[in-house]
Amino acid sequence: AQTVTQSQPEMSVQEAETVTLSCTYDTSESDYYLFWYKQPPSRQMILVIRQEAYKQQNATENRFSVNFQKAAKSFSLKISDSQLGDAAMYFCAYRREAQKLVFGQGTRLTINP
Amino acid sequence: GAVVSQHPSRVICKSGTSVKIECRSLDFQATTMFWYRQFPKQSLMLMATSNEGSKATYEQGVEKDKFLINHASLTLSTLTVTSAHPEDSSFYICSASPGPYEQYFGPGTRLTVT
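Engineer: Looking at this structure, I do not really get the overall build of chain A. What am I missing?
Structural biologist: The helix and strand tally for chain A stands at 0 helices and 12 strands. In chain A, the succession of α and β elements from N to C terminus is β-β-β-β-β-β-β-β-β-β-β-β. Out of the 113 residues belonging to chain A, those deemed buried represent 49%. Residue pairs in contact within chain A that sit at least 24 positions apart in sequence constitute 53% of those at least 6 positions apart. As presented, chain A carries roughly 5,600 Å² of accessible surface, and 45% of it is formed by carbon and sulfur atoms. In chain A, the 12 positive side-chain charges and the 11 negative ones have mean positions that sit 5 Å from each other.

Take a look at the structure:
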């Protein structure tokens, strides 16, 4: 079974600085999707970024980018120019068969003004 | 676009009663909907997958007779917690998928069983 591990329960960063959240996963599949979701205090899950495993190029969405290392099964999220609104729980997720998502334990990100 | 609603947002029920939670895709048709459960300060755990017009498929360890799922139309799925007990208290989140790639989440329902 696929597993997703986020080893950082909490992270903090100064506003305007850069922070990287770690995620590793385990799978025997060669083609799959990985996601980062953000869950603010409202509890609404928001898609931050998506990466297709067959693409070697790392995905980027404005201030958010990933470092996808397929051989190492690592999928970290870099947030540049951190803003107060980035404070949230961040979940890494692996997409199983039939679009089912397996989530990591989450990392609580605090932004210090 | 791609809005998913859940109703109610909060519900309190007495032990032994049943409670129904609705999940609606407001501006798209969802061929597949998913139900997740999230305990405080924990991750989301997939409970079941529902496809319109067919029976839901449940993840291992999820009691299908306790958590009844109905996907009556391409825009509506319901989760009924039957004979609820305090240990069923949790945050329930649905998501809906219009196709093979994207999945959109509802705002969640907080269930408290007293």
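Engineer: Where do I start with the state of the cysteines in this structure?
Structural biologist: Disulfide: a covalent bond formed between the sulfur atoms of two cysteine residues. Inspection of the entire model under this criterion finds 2 disulfides over all chains. The disulfide bridge from cysteine 23 of chain A ends at cysteine 92 of chain A, spanning 2.0 Å between sulfur atoms. On the sign convention where negative means left-handed, the S-S torsion of about -70° between cysteine 23 of chain A and cysteine 92 of chain A marks this disulfide as left-handed. Residue cysteine 23 of chain A is located in the loop between strand E3 (19-21) and strand E4 (24-26), and its partner cysteine 92 of chain A is located in strand E10 (residues 88-95); the two are separated by 69 residues in the primary sequence. Bridging cysteine 23 of chain B to cysteine 94 of chain B, the disulfide has an S-S length of 2.0 Å. Given an S-S torsion of about 80°, the disulfide between cysteine 23 of chain B and cysteine 94 of chain B has right-handed geometry. Here cysteine 23 of chain B is found in strand E3 (residues 19-25), whereas its partner cysteine 94 of chain B is found in strand E9 (residues 90-97), with 71 residues between them in sequence. Considering cysteine sulfurs only, cysteine 94 of chain B is the nearest to cysteine 13 of chain B, which forms no disulfide, with 18 Å between them.

Engineer: Just checking my understanding: could you explain the environment of threonine 49 of chain B for this structure?
Structural biologist: All names here are of chain B. Tracing the backbone through its elements, the reader meets threonine 49 in strand E5 (residues 44-51). You can call threonine 49 buried: its relative accessible area is 4%. Put simply, threonine 49 and glutamine 38 are 11 residues apart on the chain and 16 Å apart in space, counted from C-alpha to C-alpha.

Engineer: I tried to follow the interface of chain B and chain A on my own but got confused; where do I start?
Structural biologist: How big an interface is tends to be stated in terms of accessible area lost as the parts join. With 23 residues of chain B in contact, the opposing surface of chain A contributes 20 residues. Taking both partners together, chain B and chain A bury about 1,800 Å²; carbon and sulfur atoms supply 44% of that area. It is Ser43, Tyr101 and Phe105 of chain B that lose the most area in chain B upon contact with chain A, and together they represent 28% of the buried surface on that side. A salt bridge links lysine 100 of chain A to glutamate 59 of chain B; the nearest nitrogen and oxygen atoms lie 3.3 Å apart.

Engineer: In this structure, what is going on with the nonpolar core? I would like to understand it.
Structural biologist: Inside soluble globular proteins, nonpolar side chains tend to come together where they are buried. Residues Tyr25, Trp36, Phe75, Leu77 and Tyr90 of chain A are the most contacted members of the largest nonpolar core, which totals 26 residues. Of all the elements in the fold, those that place two or more residues in this core are E3, strand E5 (33-39), strand E6 (46-52), strand E8 (64-69), strand E9 (74-79), E10 and strand E12 (107-112) of chain A. Residue contributions to this core peak at 4 residues, all from E10 of chain A. Cys13, Met33, Tyr92 and Ala96 of chain B belong to the second largest nonpolar core, which has 23 residues in total.

Engineer: Could you clarify how one ought to interpret the pairing of strand E11 (residues 109-113) of chain B in this entry?
Structural biologist: On any regular strand, side chains alternate: one points to one face of the sheet, the next to the other face. All names here are of chain B. Every second residue of E11 is oriented toward a common face, the buried set being Thr109, Leu111 and Val113 and the non-buried set Arg110 and Thr112. Pairing of strand E2 (residues 10-13) with E11 involves 4 bridges; the strand directions are parallel. Pairing of cysteine 13 across the sheet is with valine 113, part of E11. Bridging between E9 and E11 involves 3 bridges; their strand directions are antiparallel. Along E11, the bridge assignment pairs tyrosine 92 with threonine 109.

Reading the values: rules and limits
Along each chain, residue indices are assigned from 1 in the same order as the chain's sequence is written. To label them, take the chains in the order written and letter them from A, then take the ligands in the order written and number them from 1. At least 70 in pLDDT is required for a residue's local features to be given in this predicted model, at least 80 for side-chain atom pairs to be given and counted, and no such filter applies to totals for whole chains, interfaces and linings, which use all residues. Where side-chain values are given, they derive from all heavy atoms of the structure, hydrogens and water being excluded. Helix numbering and strand numbering both begin at the N terminus, where a helix is a DSSP run of H or I of at least 4 residues and a strand a DSSP run of E of at least 2. Accessibility here uses a 1.4 Å probe with only protein chains present; expressed as a share of the type maximum, an area under 20% marks a residue as buried, one over 50% as exposed, and anything in between as partly exposed. In what follows, residue pairs with any heavy atoms lying within 4.5 Å of each other are defined as contacts. Per-residue and other accessible areas follow the Shrake-Rupley method at a 1.4 Å probe size, with only the shown protein chains counted as cover for residues. Residues counted as positive are Lys and Arg, residues counted as negative are Asp and Glu, and His and the chain ends are not counted. A charged residue contributes its charge at one atom only: NZ of Lys, CZ of Arg, CG of Asp or CD of Glu. Counting rule for disulfides: a pair of cysteine sulfur atoms within 2.5 Å. Here the quantity called buried area is the total loss of accessible area, with a 1.4 Å probe, experienced by two parts when brought into contact, counted for both. Salt bridges are defined as contacts in which a side-chain nitrogen from Lys or Arg sits within 4 Å of a carboxyl oxygen from Asp or Glu. Residues grouped as a nonpolar core are buried Ala, Val, Leu, Ile, Met, Phe, Trp, Tyr and Cys residues, joined through side-chain atoms within 4.5 Å. A strand pair is defined by DSSP finding two or more bridges across the two strands.

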